[in-house]
Amino acid sequence: MVAEHSLSEPGEYSDLATRLAAAGREFFRRGWVLGTSGNFSAVVSHEPLRLAITSSGVDKGALTAADVLLVDGDAKVVQGIGRPSAETKLHIMVVRLRGAAAVLHTHSVWGTILSETYAAQSGLSIEGYEMLKGLEGVATHEHSEWLPIIANCQDADALAQRVEDALTRYPNAHAFLIRRHGLYTWGQTIAEAQRHVEILEFLLEVVGRTNAHSPGVRP
């Protein structure tokens, strides 16, 4: 398989757009991106940076390839009709810091709840679960995954700086949460990033339900 971040053939943008749209519809079906929430991106090229990313304000349950824009490294539209999310700059930051080929952002109930529950600790540690082995590079359930929680901000540049600070501080993190907002994760392919979403959303729900049944206990 050719790594998606290295592709440069004509039609690649269209193919990535189709795959992002399919992922978005599946996430909607799972209840992770209701309404117009969430955004998804994939790298078309690194030099110069070109990113296929979902347009702002689109219902993810009806997402199509036509709803995916092509933007440059300054988050400006190069191709497509629509407006990129202000959070495009967060995707660009993750791509640059992690060398990611795809970045996926969900707004699940459990991700939102736990981003508030653990906000005072600036993060959430998840360990001891077999599902952790679904994260790239993790080979044991004894792994401890730290999810930084970043305070939300309507200033896109300031929020991107907070993301940079968190990812620099926690170089092994596979994802982060934005407080009262949702989950960001990534991968070297769309499939890997989608797997990370599935694994992490499962674990967030497990932690949330465990807390609900044992309110005096925190993982």
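Residues numbered from 1 in each chain as written. Predicted model: local features only at pLDDT ≥ 70, side-chain atom pairs only at ≥ 80, totals over all residues. Heavy atoms only, no water.

Remark: a regular strand shows side chains that alternate across the two faces of the sheet. The element strand β2 (residues 50-54) is extensively covered by neighbouring structure, given that four of its five residues are classed as buried. Where strand β1 (residues 39-45) folds back onto β2 in an antiparallel hairpin, the turn is made up of four residues. Note that β2 and strand β3 (residues 68-72) share five bridges and pair antiparallel. Residue pairing across strands places Ala52 opposite Leu70, the latter belonging to β3. (Buried < 20%, exposed > 50% of the residue type's maximum accessible area, 1.4 Å probe, protein only. Helix = DSSP H or I, 4+ residues; strand = E, 2+ residues; numbered from the N terminus. Pairing = 2+ DSSP bridges.)

Where helix α2 (residues 88-98) meets helix α4 (residues 156-169), the closest approach of the two axes is 9 Å, and the angle between their N-to-C directions is 25 degrees. Taken together, the axis directions place α2 and α4 in an arrangement best described as roughly parallel. Relative to α4, α2 is oriented so that their crossing is right-handed. Across the interface between the two elements, Lys89, Leu90, Met93, Val94, Leu97 and Arg98 of α2 pack against Ala156, Asp157, Leu159, Ala160, Val163, Glu164 and Leu167 of α4. (Axes fitted to C-alpha atoms, helices over the stretch in contact; angles between N-to-C directions. Parallel < 35°, antiparallel > 145°, perpendicular 65-115°, else oblique. Left-handed = near helix turned anticlockwise from the far one by under 90°. Contact = heavy atoms within 4.5 Å.)

Moving on to the confidence of the model for the protein chain. For the protein chain, per-residue confidence averages 91 on the pLDDT scale, and 93% of positions sit at 70 or higher. A low-confidence stretch, residues 1-10 stays under pLDDT 50, and its non-local contacts, those more than four residues away or across chains, total 14 contacts. (pLDDT = per-residue confidence, 0-100.)

Attention now goes to the sheet that holds strand β5 (residues 102-106). Here nine strands make up an open sheet; going across it, the order is β4-β3-β2-β1-β5-β9-β8-β7-β6 and the pairing mixed. One side of each edge strand has no neighbouring strand; the edge strands of this open sheet are β4 (77-79) and β6 (123-127). Sheet twist, expressed as the average angle between the axes of neighbouring strands with direction ignored, equals 25 degrees. In the sheet, β1 pairs with β5 via four bridges, with the strands oriented antiparallel. Each residue of the ladder has a partner; that of Ala42, found in β5, is Ala102. Helix-sheet contacts for α2 involve β1, β2, β3, β5, β8 (175-178) and β9 (182-187), and the interaxial angle to β2 is about 135 degrees.

Under the defined criterion, the tally for this structure stands at nine salt bridges. The shortest N-O distance in the salt bridge between Arg30 and Glu26 comes to 3.8 Å. Across the pair Arg180 and Glu116 runs a salt bridge whose closest N-O atoms are separated by 2.9 Å. Of this pair, Arg180 sits in the loop between β8 and β9 while Glu116 sits in helix α3 (residues 109-117), and the two are 64 residues apart along the sequence. Relative accessible area serves as the criterion here: at 58%, Arg180 is assigned to the exposed category. Taking relative accessible area as the criterion, Glu116 reaches 28% and is therefore assigned partly exposed. Three or more residues are tied together by salt bridges with common partners; here these are Glu26, Arg29 and Arg30. (Salt bridge = Lys/Arg side-chain N within 4 Å of Asp/Glu carboxyl O.)

An ideal rise of 1.5 Å per residue puts 26 Å on 18 residues; helix α1 (residues 12-29) measures up with 26 Å between its terminal C-alpha atoms. Among the residues of α1, Glu12, Tyr13, Leu16, Ala17, Leu20, Ala21, Ala23, Gly24 and Phe27 are the ones counted as buried. Buried residues along α1 cover an arc of 165 degrees about the axis, so they all sit on one side. Positive backbone phi, approximately 85 degrees, marks Gly31, located one or two places after α1. (Expected span 1.5 Å × (residues − 1). Arc of directions from axis to C-beta.)

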